[in-house]
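A structural walkthrough
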Amino acid sequence: MKKIFGLFFVLIFCTSVFAWDDAGHKISAEIAWRNMTPAAREKAIALLLAAPENSGILNLLASDSRSLMTRQEQMFDTTATWADLIRDKNFPVRNKEFHHGSWHYMDTFWRDVNGRVEIVTDLKPTDSNLTDSNLNEQNAVERLFALEKTLRDPMQPNAERAVALAWILHLAGDIHQPLHCSGRVTTLEPA
């Protein structure tokens, strides 16, 4: 009986690790939504509705019988998962123009040295989409600053600002996921 209980306990916690994909992103967006004024919510939805058609963001607004406000809140929450959806081969609108693998994380490599954390500075993340010249330049933290500038700039087209908002919603969740911001280096896992 103890073995069955132990297995059940392990399986429950293992599935929660995978829950970050949708649940973690939607929860962080929901927290943002609840802290926004009605005017800010209205502006955010209007901006998301100005997204380019080929981005797939417009498809996130459901067209069912629920109230418009409920459907807009769901759109906002689901938009936080958009950056993962567009890299999924099964997503109906998959445009490589919007997918950027290195934007999802910022690795800080570290190792344990006599029980203390030591930052490893001679390693860089690898991403097949990046060239050596910009390998470590585009990451979650750097992109949040750049995307915020785009979002705040009224001279930028609303379509670009909408994509920036979608990415910000996503990256706000990514940087709170521990596996998106650090990488332990060991002799068995050299990075």
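Small disclaimer: the values here were computed from a predicted structure and weren't measured. (Residues numbered from 1 in each chain as written. Predicted model: local features only at pLDDT ≥ 70, side-chain atom pairs only at ≥ 80, totals over all residues. Heavy atoms only, no water.)

**With respect to the overall build of the chain**
Threshold: A helix here means a DSSP run of H or I that spans at least four residues, while a strand means a run of E at least two residues long, and both kinds are numbered starting from the N terminus. Only protein chains enter the accessibility calculation, which uses a 1.4 Å probe; a residue is then buried when its area is under 20% of its type maximum, exposed when over 50%, and partly exposed in between. The contact rule is simple, with two residues in contact once any of their heavy atoms fall within 4.5 Å. Residue exposure ignores everything except the shown protein chains as possible cover, and the areas themselves are Shrake-Rupley values with a 1.4 Å probe.
Helix and strand content of the chain: seven helices and three strands. Here the chain holds 191 residues, and the buried ones make up 33% of them. A separation threshold of at least 6 residues defines the contact pool for the chain, and within that pool the share at least 24 residues apart is 65%. If you sum the accessible surface of the chain, you get close to 12,500 Å²; carbon and sulfur atoms cover 59% of it.

**Re the pairing of strand β1 (residues 108-113)**
The line we're drawing: Only when DSSP finds a minimum of two bridges between them are two strands counted as paired.
Pairing geometry for β1 and strand β2 (residues 116-119), over four bridges, is antiparallel. Each bridged residue has a counterpart across the sheet, and for Asp112 the counterpart in β2 is Val117. Counting the residues that bridge the hairpin from β1 to β2 gives two residues, and of these Asn114 lies at a positive phi of roughly 55 degrees.

**Observations regarding a nonpolar patch on the surface**
Short version of the rule: Patches in this entry comprise residues that are over 30% relatively accessible and not in a salt bridge; like charges within 9 Å are linked, as are nonpolar side chains (Val, Leu, Ile, Met, Phe, Trp, Tyr) within 5 Å. The rule for a salt bridge is simple: a side-chain nitrogen of Lys or Arg has to be within 4 Å of a carboxyl oxygen of Asp or Glu.
Together, Val141, Phe145 and Ile175 make up a nonpolar patch on the protein surface, roughly 260 Å² of accessible area in all. Positionally, Ile175 belongs in the loop between α7 (158-174) and β3 (182-184). The partly exposed category is assigned to Ile175, whose relative accessible area is 33%.

**Focus on the side chain of Arg161**
In plain terms, the rule: N or O atoms closer than or at 3.5 Å make up a polar contact, with two conditions inside protein: a donor-capable atom paired with an acceptor-capable one, and, for residues adjacent in sequence, both atoms drawn from side chains.
Turning to its location among the elements, Arg161 is positioned in helix α7. One polar contact links the side chain of Arg161 to the main-chain carbonyl oxygen of Leu151, over a distance of 2.9 Å. In contact with Arg161, not counting residues within four places along its chain, are Leu47, Thr150, Leu151, Asp153 and Gln156.

**Points about the pattern of salt bridges**
According to the stated counting rule, one finds four salt bridges in the structure shown. A salt bridge links Arg34 to Glu30; its shortest N-O distance comes to 2.6 Å. Taken together, the residues span about one helical turn, with Arg34 and Glu30 both in helix α2 (residues 20-34) at a distance of four residues. Ionic pairing is found between Glu142 and Arg143, a salt bridge with its closest N-O pair at 2.7 Å. Taking the relative accessible area as the measure of exposure, Glu142 reaches 27% and is therefore partly exposed.

**Notes on the packing of helix α6 (residues 140-152) against α7**
Applicable threshold: Every axis in this analysis is a line fitted to C-alpha atoms, fitted for helices over the stretch in contact. Angles between the N-to-C directions lie between 0 and 180 degrees. Crossing handedness is read from the near helix: turned anticlockwise from the far helix by less than a right angle, it gives a left-handed crossing, and turned clockwise, a right-handed one.
Look at α6 against α7: their axes get within 9 Å of each other, and the N-to-C directions meet at 145 degrees. Between α6 and α7 the crossing geometry is left-handed. Across the interface between the two elements, Ala140, Arg143, Leu144, Leu147, Glu148, Thr150 and Leu151 of α6 pack against Glu160, Arg161, Ala164, Leu165, Trp167, Ile168, Leu171 and Ala172 of α7.

**Overview of helix α3 (residues 38-48)**
Condition: Directions are taken from the helix axis to each C-beta atom, and the arc is the one they span.
Here α3 has its buried residues at Ala44, Ile45, Leu47 and Leu48. Buried positions in α3, seen along its axis, are confined to an arc of 160 degrees and lie on one side of it. Turned more than 90 degrees off the buried face of α3, the exposed positions are Pro38, Glu42 and Lys43.

**Considering unusual backbone geometry**
With a phi angle near 55 degrees, Asn114 is a residue other than glycine that sits in the positive phi range. Counting through the fold element by element, Asn114 comes out in the loop between β1 and β2. Accessibility expressed as a relative area gives 78% for Asn114, which makes it exposed.

**Some details on the confidence of the model for the chain**
Residues shown with low pLDDT carry predicted positions that ought not to be read at fine detail. Counted only if it meets this: On a range of 0 to 100, pLDDT expresses the predictor's confidence in each residue.
Averaged over the chain, the pLDDT score is 79; the fraction of residues at 70 or greater is 71%. Mean pLDDT values over the elements of the chain span from 47, in helix α1 (residues 2-18), up to 97, in α3. Predicted confidence is poor over residues 5-19, with pLDDT under 50, and the contacts of this stretch with residues over four places away or in other chains come to one contact. Note on residues 127-136: pLDDT under 50 across the span, and 13 contacts to partners over four residues away in sequence or across chains.

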